[in-house]
Number of protein chains: 2
Amino acid sequence: MLVLSSPSGAGKTTISRALLSSEPNLTMSVSATTRPPRPGEVEGVDYHFISRPEYLRMVNESALLEHAQVFDNFYGTPREPVERALAEGCDVLFDVDWQGTQQLADNARNDLVSIFILPPSIDELERRLQSRAQDSDDVVASRMSKAPDEMSHYSEYDYIVVNSEIKKSVAEVRTILAAERLKRQRLIGLRDFITSMQGN
Amino acid sequence: MLVLSSPSGAGKTTISRALLSSEPNLTMSVSATTRPPRPGEVEGVDYHFISRPEYLRMVNESALLEHAQVFDNFYGTPREPVERALAEGCDVLFDVDWQGTQQLADNARNDLVSIFILPPSIDELERRLQSRAQDSDDVVASRMSKAPDEMSHYSEYDYIVVNSEIKKSVAEVRTILAAERLKRQRLIGLRDFITSMQGN
């Protein structure tokens, strides 16, 4: 389970897309949300767009690995597709905020790797937010006002990537993923391999 | 602090040399030993060759970060050059066994990364040991008899690299090193960088 979090606008979504296209064994966890689709967003690809009653039902049935309110909307990670992907030997990528990361960590039994993406500067963060055509000035201002608090949660993450240049940041995340796959506790069949070499 | 350990003959020394030539910020910790030099070994490069009284003096003065008896000889890691290299911002590579790794971990204050190198098979391990021209059949047999016990300590290491092909193994160790350098707690000045972006 690989989590990428960042203040809104730091480049998390772009990095996630590049990562998914270069890592065949990595699959994206698609969040459920009660917010309306933005222009171009596709059901089941960008999000599962659900109603509030549906969301509340999933919370009550523990069908969400994490859930949170962000601005005026509700978000959550459906449990079933994640557990299925992990059982098939896939790594799963999560695009969630610090609240979601904390809840995922509680559900991950030591198998969560978390990366916090930072912008190279606060001016660059604002520039990136303003270049998003779909957002109004009010939305940009609201996101900028939340950035300091979001960034204060960097200390809860395993790794930090400063996103100065997308290509370099994607390479760094891939390096982290490759190294984490060499961690002893993730190597399947290792004990049997050692035992066979010990001649027992 | 990066530790590579392996059963004798798994390729640790070859991997270490390739790593040092490709990682300019990495410096090798040169062990001290009471064993006599092998043909071609250079004082201060391969080992610091010291007498038993000298060794005992260093143990008594806590001048060794770790020390152990291996076969009939004593080995240890002089503390002063390691602390100097770390203070200068270098990473330090250690070629020690599981006993040394445990002692280094106690002295490392959470800054130790440990990798266990495995041979691809027990037959390949024997073949590699036999191809070392300087070792007698008795030495090969002795090392082979110790291999199962040495391998049983794999579970104390952070990462596992199966050394089927040197080039691939070196790349894997470099990947681990690159990822570990992105760990939050190793990023110097991160707190100040965040604070400056928060406008405090």
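Residues numbered from 1 in each chain as written. Chains lettered and ligands numbered in written order. Predicted model: local features only at pLDDT ≥ 70, side-chain atom pairs only at ≥ 80, totals over all residues.

Once that is clear, we can look at the overall build of chain A. Across its full length, chain A carries eight helices and nine strands. Relative to the compact-globule value of 16 Å for 200 residues, chain A shows a C-alpha radius of gyration of 18 Å, a close match. Considering only C-alpha atoms, chain A reaches an extent of 70 × 40 × 30 Å along its principal axes. Counting the 200 residues in chain A, one finds 30% classified as buried. (Helix = DSSP H or I, 4+ residues; strand = E, 2+ residues; numbered from the N terminus. Rg over C-alpha atoms; globule rule 2.2 N^0.38 Å. Buried ≥ 20, exposed ≤ 12 C-beta atoms within 10 Å, placed from the backbone.)

Another point: helix 6 (residues 137-151) of chain A. Compared with an ideal rise of 1.5 Å per residue, which puts 15 residues at 21 Å, helix 6 of chain A spans 21 Å between its outermost C-alpha atoms and is within 8% of the ideal. Along its length, helix 6 of chain A shows its largest kink, about 30 degrees, at Ser145 of chain A, and proline Pro148 of chain A lies within four residues downstream of that point. (Expected span 1.5 Å × (residues − 1). Bend = angle between axes of the 7 residues up to and from the residue.)

A few words now on the packing of helix 1 (residues 12-22) of chain A against helix 7 (residues 166-180) of chain A. Residue and element names in this part refer to chain A. Two elements in contact, helix 1 and helix 7, have axes separated by 10 Å at closest approach and are oriented at 60 degrees. Taken together, the axes of helix 1 and helix 7 are oblique relative to one another. Here helix 1 runs over helix 7; the crossing is right-handed. Where helix 1 abuts helix 7, its residues Thr14, Ile15, Ala18, Leu19 and Ser22 lie against Ile166, Ser169, Val170, Val173 and Arg174. Here the residues of the contact of helix 1 with helix 7 sort into six nonpolar, three polar and one charged. (Axes fitted to C-alpha atoms, helices over the stretch in contact; angles between N-to-C directions. Parallel < 35°, antiparallel > 145°, perpendicular 65-115°, else oblique. Left-handed = near helix turned anticlockwise from the far one by under 90°. Contact = placed C-beta atoms within 7 Å. Nonpolar A, V, L, I, M, F, W, Y, C, P; charged D, E, K, R; others polar.)

When chain B is fitted to chain A, the residual RMSD is 0.0 Å, and the transformation amounts to a turn of 180 degrees plus an axial shift of 0.0 Å. Taken together, the rotation angle and the small translation identify this as a two-fold axis. Of the interface residues in chain B, 100% have counterparts in chain A that sit at the interface too, so the contact is made through matching surfaces. (Least-squares fit on C-alpha atoms with pLDDT ≥ 70 in both.)

Across the boundary between the two partners, chain B contributes 25 residues, which contact 25 residues of chain A. Looking at the side of chain B that touches chain A, the elements that each hand over two or more residues are helix 6 (137-151), strand 9 (159-162), helix 7 (166-180) and helix 8 (190-198) of chain B. The element that contributes the greatest number of residues to the side of chain B that touches chain A is helix 7 of chain B, accounting for five residues. Grouping the constituent residues of the side of chain B that touches chain A by class yields 16 nonpolar, five polar and four charged.

Moving on to the sheet that holds strand 9 of chain B. Two orientations exist for strands paired in a sheet by backbone hydrogen bonds: parallel and antiparallel. Residues and elements named next belong to chain B. Spatial strand order, 2-7-1-8-9: five strands in an open sheet with parallel pairing. The sheet terminates laterally at strand 2 (26-28) and strand 9, the two strands that pair on one side only. For this sheet, the mean angle separating the axes of adjacent strands, direction not counted, is 25 degrees. In the packing of helix 1 (residues 12-22) onto the sheet, contacts are made with strand 1 (2-5), strand 2, strand 7 (91-95) and strand 8 (113-118), and the angle to strand 7 comes to roughly 165 degrees. (Pairing = 2+ DSSP bridges.)

With that settled, the discussion passes to the sheet that holds strand 3 (residues 32-33) of chain A. Residue and element names in this part refer to chain A. Read from one edge to the other, the open sheet built from four strands follows the order 4-3-6-5, with strand pairing classed as mixed. Of all strands in the sheet, those bounded by a partner on one side alone are strand 4 (48-49) and strand 5 (64-70). Pairing of strand 5 with strand 6 (residues 73-78), which is carried by five bridges, proceeds in the antiparallel orientation. Across the sheet, Gln69 pairs through a bridge with Phe74, a residue of strand 6. Packing against the sheet, helix 2 (residues 52-60) makes contact with strand 3, strand 5 and strand 6, and its axis sits at approximately 45 degrees to strand 6.

When you line up the elements, Met144 of chain A lands in helix 6. Sequence separation between Met144 of chain A and Glu165 of chain A is 21 residues, and the spatial gap between their C-alpha atoms is 21 Å.

It is worth spelling out the nonpolar core at this point. Membership of the largest hydrophobic core comes to 72 residues, with the highest contact counts inside it found for Ile115 of chain A together with Ile115 of chain B. Each residue touching Ile115 of chain A, except ones within four places of it in the same chain, is listed here: Val3, Leu4, Tyr157, Asp158, Tyr159, Val161, Val173 and Ile176 of chain A. (Core = buried A, V, L, I, M, F, W, Y, C linked by C-beta atoms within 7 Å.)

We now examine the confidence of the model for chain A. For chain A, the mean per-residue pLDDT works out to 92, and 99% of the residues sit at or above 70. Overall fold confidence (pTM) sits at 0.88, and the ipTM for the predicted complex is 0.86. (pLDDT = per-residue confidence, 0-100.)

Once that is clear, we can look at the pairing of strand 7 of chain B. The side chains of a regular strand alternate, first on one face of the sheet and then on the other. Residues and elements named next belong to chain B. Of the strand pairs in this sheet, strand 1 and strand 7 are connected by three bridges, and their pairing is parallel. The residue bridging Val3 from the neighbouring strand is Phe94, located in strand 7. Two elements, strand 2 and strand 7, share three bridges in a ladder whose sense is parallel. By the bridge assignment for strand 7, Met28 is matched with Leu93.

Mapped onto the elements of the fold, Ser16 of chain A is located in helix 1. When residues no more than four places from it in sequence are discounted, the contact partners of Ser16 of chain A are Leu4, Met28, Leu93 and Asp95 of chain A.

All names here are of chain B. Looking at helix 1, one finds that the buried residues are Lys12, Ile15 and Ser16. Taken down its axis, helix 1 places every buried residue within 100 degrees of arc, on the same side. In helix 1, the exposed positions angled more than 90 degrees off the buried face are occupied by Ser21 and Ser22. Elements in contact with the buried residues of helix 1: strand 1, strand 2, strand 7, strand 8 and helix 7. (Arc of directions from axis to C-beta.)

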